[in-house]
Amino acid sequence: MSRVIEVNELTKRYGGKTAVKDLSFTVRPGHVTGFLGPNGAGKSTTLRLLLGLDAPTGGSVTIGGRPFRDRPRGLRHVGALLDAGDVHGGRRAVAHLYGLARGNRIPRARVDEVLRDVGLADAARRRIGGFSLGMRQRLGIATALLGDPPVLLFDEPLNGLDPEGVLWVRGLFRRLAAEGRTVFVSSHLMSEMENTADQLVVIGRGELIAAESLSDFAARGARLSVAVRTPDGVRLGDVLTAEGAAVEADGDTLTVTGLPAPRIAELALRHRILLNELTTRTSSLEEAFMELTADSVEYPAGESR
Ligand SMILES: Nc1ncnc2c1ncn2[C@@H]1O[C@H](COP(=O)(O)OP(=O)(O)OP(=O)(O)O)[C@@H](O)[C@H]1O
């Protein structure tokens, strides 16, 4: 079975609200692909459409060339963590997983195996209602892994995990991808994906913004700037502006774009201006993400309404 996820001109409207619009992208096996977008961008909607939990208004989604809902015994094909809170609190973790194993013809022994894999072996007989958010996430991940599926979808899996849990999940995702599986992970935080994913699909207001490698995405947003610390900021600022640079002053530090550091040093020397610091900075992935999604944030902070 092919493990490729194809999203093709996908549109989903809820009444007058368009949650996803003409969205097309491909997710390939062997990588951890991050699915990024600000709150309300349409990530959960897309994942629900992928799993056939909702019907698209237009377009299609296929996994291995077929709509997921056409597949019998789904958990063996696609494992998913959508909403970690969506489990019966009165049940014990093992009972929850045994039920799913039975319905998907998965051997019972696999339940103990995945509980061990996610670090919940000791909590197996406890009621899920008493689980912390992090434990629920681990149980959700155990559920996704239960059928040993070639394709895995995770909606905000790092939510509620402590730093040790985050490291563990990252390692797990990388292992799953290295085994040749397709791993598709949503998040609204670039900082979470930066060390987790190697490919990115970025959306805003339901539309595609980017689908590329993490390094290509970073390069798009990378504008070099140079930080210059000098006691003579006003004069240097004038000199650099006259040379065509854009200069922002903050105390004794100027942030300069449009001129490389060696040229700034040369101009400072020529005008006998002392420099205390000259540092080239690249914008971070986080900045690239903010910049590219700025127009698609639904409720920007500080907006008066
Ligand atoms: N069942 C629904 N009925 C009406 N509107 C919906 C429904 N589901 C989602 N929406 C709307 O569609 C848009 C996309 O929502 P979605 O939950 O897919 O975004 P998201 O990227 O997962 O966001 P978040 O990071 O906040 O979970 C939002 O504006 C949301 O209010």
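Here the structure is a predicted model, which means the values were calculated and not measured.

As a further point, take the overall build of the protein chain. For the protein chain, the helix and strand inventory stands at ten helices and 13 strands. Expected size for 305 residues packed as a compact globule is a radius of gyration near 19 Å; at 24 Å, the protein chain overshoots this value by more than 25%. Counting only residues that meet the buried cut, the protein chain has 37% of its 305 residues in that class. Contacts in the protein chain between residues at least 24 apart in sequence constitute 70% of all its contacts with a sequence separation of at least 6.

Let us now look at the sheet that holds strand 7 (residues 182-187). Overall, mixed pairing links the six strands, which are arranged 5-6-7-3-8-9 in an open sheet. Two strands lie at the open edges of the sheet, namely strand 5 (78-81) and strand 9 (207-213), each paired on one side alone. Averaged over all adjacent pairs, the angle separating strand axes in this sheet is 15 degrees, with direction ignored. One ladder, built from five bridges, connects strand 6 (residues 151-155) with strand 7; its direction is parallel. Within strand 7, the position partnered with Leu 153 by the bridge is Phe 184. Taken strand by strand, helix 1 (residues 43-50) contacts strand 3 (32-36), strand 6, strand 7 and strand 8 (199-204), and its axis lies near 150 degrees from that of strand 6.

Taken together, Tyr 14, Lys 17, Ala 19, Gly 37, Asn 39, Gly 40, Ala 41, Gly 42, Lys 43, Ser 44, Thr 45 and His 188 make up the full set of residues near the ligand. Every element with two or more residues in the shell around the ligand is listed here: strand 2 (17-27) and helix 1. The leading source of residues in the shell around the ligand is helix 1, at three residues. Here the shell around the ligand is composed, by residue class, of three nonpolar, seven polar and two charged.

Pairing is antiparallel across the open sheet formed by three strands, whose spatial order is 2-1-4. Looking along the sheet, the strands with just one partner apiece sit at the ends: strand 2 and strand 4 (58-63). Neighbour to neighbour, the strand axes of the sheet diverge by 20 degrees on average, direction disregarded.

Below, the discussion takes up helix 2 (residues 93-103). By the burial criterion, the buried members of helix 2 are Ala 93, Leu 97 and Ala 101. Along the axis of helix 2, the buried residues cluster in a sector spanning 60 degrees; they form a single face. Exposed positions of helix 2 whose direction lies more than 90 degrees from the buried face are Arg 102 and Gly 103. The inward-facing, buried residues of helix 2 abut helix 3 (109-117) and helix 4 (133-145).

Next up on the list: the domain arrangement of the protein chain. Looking at the protein chain, the domain boundaries give domain 1 (5-212) and domain 2 (224-281). For domain 1 and domain 2, the distance between their C-alpha centroids amounts to 48 Å.

With that out of the way, let us pick up the nonpolar core. Residues Leu 120, Ala 142, Leu 146, Leu 153, Val 185 and Leu 200 are the most contacted members of the largest nonpolar core, which totals 64 residues. A per-element tally of this core places helix 4 first, with six residues. In this structure Leu 120 touches Ala 93, Leu 115, Met 135, Arg 138, Leu 139 and Ala 142, once residues within four positions along its chain are discounted. Counting residues in each nonpolar core, the second largest holds eleven residues, with Val 226, Ala 245, Leu 254 and Val 256 among its members.

Definitions and limits used
- Residues numbered from 1 in each chain as written.
- Predicted model: local features only at pLDDT ≥ 70, side-chain atom pairs only at ≥ 80, totals over all residues.
- Helix = DSSP H or I, 4+ residues; strand = E, 2+ residues; numbered from the N terminus.
- Rg over C-alpha atoms; globule rule 2.2 N^0.38 Å.
- Buried ≥ 20, exposed ≤ 12 C-beta atoms within 10 Å, placed from the backbone.
- Contact = placed C-beta atoms within 7 Å.
- Pairing = 2+ DSSP bridges.
- Axes fitted to C-alpha atoms, helices over the stretch in contact; angles between N-to-C directions.
- Near = placed C-beta within 6 Å.
- Nonpolar A, V, L, I, M, F, W, Y, C, P; charged D, E, K, R; others polar.
- Arc of directions from axis to C-beta.
- Domains from an automatic or database assignment.
- Core = buried A, V, L, I, M, F, W, Y, C linked by C-beta atoms within 7 Å.

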